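Now for the letters of each chain:
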Amino acid sequence: MTTAQPAVEVVGLHKSYGGLDVIKGVDLRIAPGEVVCVIGPSGSGKSTLLRCVNMLEEPTSGVVLVDGVRMNHPDTDLDAARRRMGMVFQMFHLFPHLTVLGNVTIAQRRVLKRDRAEAERVGRDCLARVGVEDKADVYPEQLSGGQQQRVAIARALAMNPGVMLFDEPTSALDPELVGEVLTVIRDLGLDGMTMLVVTHEMAFARDVADRVVFMDAGVIVEEGLPSQVIDDPRHERTRTFLQRVLGPQGSAAPGPGSTSTGRTHEYHCHTQHG
Amino acid sequence: MAKTSAAPLNLDPVPSPSATAGFSPRRRRRISLTAQYAVFVIVVAAVALQVDWAAVQEHFLDLGVARETFPGLLTVALRNTVLYTLSGYVLGFLLGIVLALMRLSSVPLHRWTALLYIEIFRGLPALVIFLIIGFGIPVAFPGFALPGDIYGQVALALGLVSAAYMAETFRAGIQAVPKGQMESARCLGMSHSRAMFSIVVPQALRIVVPPLTNELVLLFKDSSLAFVLGVTAATTELAKYGSDVAADQADSTPLVVAGLGYLLITVPLGILVRRLESRRAERG
Ligand SMILES: Nc1ncnc2c1ncn2[C@@H]1O[C@H](COP(=O)(O)OP(=O)(O)OP(=O)(O)O)[C@@H](O)[C@H]1O
Ligand SMILES: [Mg+2]
């Protein structure tokens, strides 16, 4: 039904390191406003897929298009093309020598050439959006992991990206901090942000994703609605993976807000931050 | 019979290794430390007894001669030493950053040029570089004079020497900044060089402040080589000044005073380095 141009389109993607094939032919289209969650076992190539989308890794072969712009082409201005995308890493990677406000303004100033007042206004707006506006003047090391990750999200949002990429954004967090970050990401999705999220949080994927992609050994094994992939997987490999992640009765507990398993989090309740 | 001989044996506690040696570990440590202090005191005393203190006082600690070194020691010699060192340091710092970035460049020409430079200038004695600057350049480029005359020559020589060391220090500092910093900067649309200068280098500089301060201490001492370029009364520096006055007065006291002039600067710098390092260790 989407005749519109896809926000992200990956065609025949291969990536190998030396002799090691990590991505072995991946095709993926993400429509504008769509939220796609990627799940799969460790080493299956999820991070590599994300890193190929914004060209942190150069694909060995295949095509990556973002807003119709071909990323892996010698004539493409990569720095300009990357501005269409925000990326959030597992380990936050905030700039430790800058304050929180400095973190969310430096790229606006240096890349978009916004003046200080404008950059700070946008920066504070983004900090407010993720609920850490009161931390603008402190340094990252003084923040909790959850706050750091929310600042990292604000830093990406300050560049007005059309697509957000998340690589296991909550995997480095203490369990009690996972909810506040997932809430922010879910709200972004509700606001219509196009997102590609690698996650191990099945309840989150089930609740937020328009589509779930299961990857294993460098290929997409199956994809579809969360209710289909997570709760009624067709492939044996998907079932095996989900059983390991959710426990034996995990996939048999469908329905919204299901919190019957060990890996789920009550992120719905955290509408208030800070 | 067997009964009486067995009973006392069973009542004995198991002998520990230290108990067999006669002392507890703590006691042994104290004895060892006391012995070390004793040896230290004996060695110092033995040396002190051998020294001809009257001669030392006359030739090295003559207050009357020491007074002769002032005020020139401070107003000319120390001032020039500081000028030479700082100008060389600034030059070495800038050249060092450029070389470090070239070392890490993806362009082989940059990498090899920087490596060649570093290997040559790290391997040559500073004295040789001073001689090349002082006598090689005028021969190779007739009619060319460095700006600032001898100040320019010393700054260039010290800059070339220290750049090689500083380049390696900067490179280590840049490599110590986590890879994720560059990646997240690139993800925000920064070019490689923009990310380098706005994100990576500022963090690397903090890491290398202690070793760079050490380099400054080393450079203070190397500035004494300025004398090979033929300094005048106005452009002299501490070591040369001290030895000149010493020759004048036929007494070595001025050398001691000049030496104290170096320590006046290098000791506080050493304290500063230790402060910076312990602060870094605290912050982790
Ligand atoms: N730079 C690299 N050089 C060599 N091999 C790499 C490199 N990066 C990733 N790999 C390999 O590629 C494979 C896929 O890695 P990737 O990080 O994409 O997996 P993942 O699905 O994200 O796993 P995880 O859930 O553990 O993050 C792994 O076997 C990994 O060892
Ligand atoms: Mg990964």
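Preceding block: the structure.
Cut-offs used in this document
Residues numbered from 1 in each chain as written. Chains lettered and ligands numbered in written order. Predicted model: local features only at pLDDT ≥ 70, side-chain atom pairs only at ≥ 80, totals over all residues. Heavy atoms only, no water. Near = heavy atom within 4 Å. Polar contact = N/O pair within 3.5 Å; in protein donor to acceptor, adjacent residues only side chain to side chain. Areas by Shrake-Rupley, 256 points an atom, 1.4 Å probe, with all protein chains shown as cover. Helix = DSSP H or I, 4+ residues; strand = E, 2+ residues; numbered from the N terminus. Nonpolar A, V, L, I, M, F, W, Y, C, P; charged D, E, K, R; others polar. Contact = heavy atoms within 4.5 Å. Buried area = accessible area lost by both parts, 1.4 Å probe. Salt bridge = Lys/Arg side-chain N within 4 Å of Asp/Glu carboxyl O. Axes fitted to C-alpha atoms, helices over the stretch in contact; angles between N-to-C directions. Parallel < 35°, antiparallel > 145°, perpendicular 65-115°, else oblique. Left-handed = near helix turned anticlockwise from the far one by under 90°. Buried < 20%, exposed > 50% of the residue type's maximum accessible area, 1.4 Å probe, protein only. Pairing = 2+ DSSP bridges. Core = buried A, V, L, I, M, F, W, Y, C linked by side-chain atoms within 4.5 Å.

A. Main features of the site of ligand 1. Residues and elements named next belong to chain A. Lining the immediate surroundings of ligand 1 are Y17, V22, P41, S42, G43, S44, G45, K46, S47, T48, E168 and H200. Contacts to ligand 1 include S42, whose side-chain N or O atom sits 2.6 Å from an oxygen atom. One of the side-chain nitrogen or oxygen atoms of T48 is found 2.5 Å away from an oxygen atom of ligand 1. Burial of ligand 1 by the protein amounts to 59% of the accessible area it has alone, namely 630 Å². For the shell around ligand 1, the leading source of residues is helix α1 (residues 46–53), giving three residues. Looking at the shell around ligand 1 residue by residue, the classes come out as three nonpolar, seven polar and two charged.

B. Fine view of the interface of chain B and chain A. Each partner contributes to the interface: chain B provides 18 residues, whereas chain A provides 22 residues. When chain B packs against chain A, the two sides together hide about 1800 Å² of surface, and 60% of this comes from carbon and sulfur. Counting across the interface, chain B meets chain A through two salt bridges. Linking D79 of chain A and R186 of chain B is a salt bridge whose minimum nitrogen-to-oxygen distance equals 3.2 Å. Among the secondary structure elements, those contributing two or more residues to the side of chain B that touches chain A are α10 (179–187) and α11 (192–222) of chain B. Top element by residues in the side of chain B that touches chain A is α10 of chain B. It accounts for seven residues. Taken together, the residues that form the side of chain B that touches chain A break down as six nonpolar, seven polar and five charged.

C. Structural view of the packing of helix α3 (residues 100–110) of chain A against helix α5 (residues 145–157) of chain A. All names here are of chain A. Contact pair α3 / α5: the axes reach a minimum separation of 8 Å and the direction vectors enclose 25°. Comparing their axes, α5 and α3 come out roughly parallel. Here α3 runs over α5; the crossing is right-handed. Taking contact as the criterion, the partners of V100, N103 and V104 in α3 are, on α5, V151, A154 and R155. The class makeup of the residues in the contact of α3 with α5 is four nonpolar, one polar and one charged.

D. Fine view of the environment of E201 of chain A. By the element assignment, E201 of chain A lies in the loop between β8 (194–198) and α7 (202–208). A sequence separation of 119 residues divides E201 of chain A from R82 of chain A, and the C-alpha atoms of the two residues are 27 Å apart.

E. Structural view of α1 of chain A. Residue and element names in this part refer to chain A. A large share of α1 lies buried, amounting to seven of its eight residues. For α1, the full list of buried residues reads K46, T48, L49, L50, R51, C52 and V53. Just beyond α1, the residue with positive phi is M55, at close to 65°.

F. View of the packing of α3 of chain A against helix α4 (residues 116–129) of chain A. All names here are of chain A. One can describe the packing of α3 onto α4 by two numbers: an axis separation of 9 Å at closest approach and a directional angle of 125°. The angle between the axes of α3 and α4 places the two elements in the oblique class. The hand of the α3/α4 crossing is right-handed. Contacts from V100, L101, V104, T105, Q108 and R109 in α3 reach R116, E118, A119, E120, V122, G123, R124 and L127 in α4. Residue composition of the contact of α3 with α4, grouped by class: six nonpolar, three polar and five charged.

G. Focus on the pairing of strand β4 (residues 61–66) of chain A. Residues and elements named next belong to chain A. Note that strand β1 (residues 8–17) and β4 share five bridges and pair antiparallel. Residue pairing for β4: V10 is matched across the bridge by V64. Looking at chain direction, β4 and strand β5 (residues 69–70) are connected through two bridges and run antiparallel. Bridge assignment links L65 to a residue of β5, and that residue is R70. Two successive antiparallel strands, β4 and β5, enclose a turn made up of two residues, where D67 displays a positive phi of approximately 50°.

H. Highlighting the pattern of salt bridges. Counting across every chain of the model gives 22 salt bridges over all chains. The partner of E183 of chain B in a salt bridge is R51 of chain A, and the shortest N-O contact between them spans 2.7 Å. In this pair, E183 of chain B sits in helix α10 while R51 of chain A sits in helix α1, so the two residues belong to two different chains. On the basis of relative accessible area, R51 of chain A is assigned to the buried category, the value being 14%. Where R171 of chain B meets E168 of chain B, a salt bridge forms, and the shortest distance between an N and an O atom there is 3.2 Å. Residue R171 of chain B and its partner E168 of chain B are both found in helix α9 (residues 150–176); the two are separated by three residues, about one turn of the helix.

I. Highlighting the side chain of N103 of chain A. Summarising the element assignment, N103 of chain A is placed in helix α3. Sequence-distant contacts of N103 of chain A, defined by excluding residues within four places in its chain, comprise L94, F95, L98, P140 and R155 of chain A.

J. Quick look at the nonpolar core. Formed by 50 residues in total, the largest nonpolar core has its most connected members in L127, I153, M164, F166 and M195 of chain A. For this core, the element with the most residues is helix α6 (residues 175–190) of chain A, which contributes seven residues. In this view, L127 of chain A contacts V100, L101, V104, V132, E133, A136, V151 and A154 of chain A; residues no more than four positions away in its chain are not counted. With 49 residues, the next largest nonpolar core counts F130, V161, A164 and A167 of chain B among its residues.

K. Structural view of the sheet that holds strand β2 (residues 20–30) of chain A. Residues and elements named next belong to chain A. Reading across from one edge, β2-β1-β4-β5 is the order of the four strands in this open sheet, with antiparallel pairing throughout. Single-partner strands in this sheet number two, and they are β2 and β5. Against the sheet, α1 engages β1, β2 and β4, with an angle of about 120° to β1.

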